[in-house]
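# Close look at the chain arrangement
Chain by chain, the residues run as shown.
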Amino acid sequence: MCWLEDWKTLQSFGNQAFRRQQLDLARHYYLHSILQLKSYMSAKLLPLAQAEAVAENLVATKQSAALVQLLICLSISIQNLAETYQHQRRWQRCQMLLRQAQQRLQQLQLTLPETHPAQLILLQESCRLRHEQCRHALDCHRCLQHSSAVLFEMASTAIH
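The notes below deal with the structure included here. As the structure is a computational prediction, the values presented were derived from the model and not from experiment.

Another aspect to go through is the nonpolar core. If you look at the biggest cluster of nonpolar residues, it comprises 32 residues, and the most contacted ones within it are Leu37, Met41, Leu71, Ile78, Ala118 and Leu122. Mapped by element, the contributors of at least two residues to this core are α1 (2–19), α2 (23–50), α3 (58–87), α4 (91–111) and α5 (118–156). Of all the elements, α3 adds the most residues to this core, at 10 residues. Setting aside chain neighbours within four positions, we find leucine 37 in contact with Trp3, Trp7, Leu70, Cys73, Leu74 and Ser77.

Mapped onto the elements, threonine 84 comes out in helix α3. Threonine 84 has contacts with Phe18, Leu23, Ala26, Arg27 and Tyr30, leaving out every residue within four places of it along the chain.

With that settled, the discussion passes to the environment of tyrosine 30. Position of tyrosine 30 relative to the elements: it lies in helix α2. You can call tyrosine 30 buried: its relative accessible area is 2%. Taking the C-alpha atoms as reference, tyrosine 30 lies 9.8 Å from leucine 74; in sequence the two are 44 residues apart. Residues within four places of tyrosine 30 in sequence aside, it is in contact with Gln11, Gly14, Asn15, Phe18, Ser77, Asn80, Leu81 and Thr84. Only 2.6 Å separates the side chain of tyrosine 30 from the side chain of asparagine 15, close enough to count as a polar contact.

What counts and how
- Residues numbered from 1 in each chain as written.
- Predicted model: local features only at pLDDT ≥ 70, side-chain atom pairs only at ≥ 80, totals over all residues.
- Heavy atoms only, no water.
- Core = buried A, V, L, I, M, F, W, Y, C linked by side-chain atoms within 4.5 Å.
- Buried < 20%, exposed > 50% of the residue type's maximum accessible area, 1.4 Å probe, protein only.
- Helix = DSSP H or I, 4+ residues; strand = E, 2+ residues; numbered from the N terminus.
- Contact = heavy atoms within 4.5 Å.
- Polar contact = N/O pair within 3.5 Å; in protein donor to acceptor, adjacent residues only side chain to side chain.

In structure tokens, the structure reads:
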């Protein structure tokens, strides 16, 4: 699974940059990992997972397991990117990213058979993204309230 090692490396670089407050660099690594995962998913796994293969088939089982792992990695990358956007105070971008990702996971869920092993993971990761969307919305609201209070205080202070 070369893609998994690539993903881990990109996440590690992104996390290091995030800890050093190099948010543009962190954003670059997280975004790059998302693009790689999407490319891999559309080129390799998704067509195979959507094929009507018999569940007992060992190849189909391995492909399903890889799809599950890929979906979890994708969700983590999206959450990391959203956190970076929030730290950059790019709240609309953060919300849009989480909303679109959640919608895409729900769409994918509709395309797979109900008994597909990825169904549970799709539901779980969709819920995680929704939770992050709500959390970031609350943080944004608190930050905007604080900023408004500070601006009001500054504007109402008499200058002598």
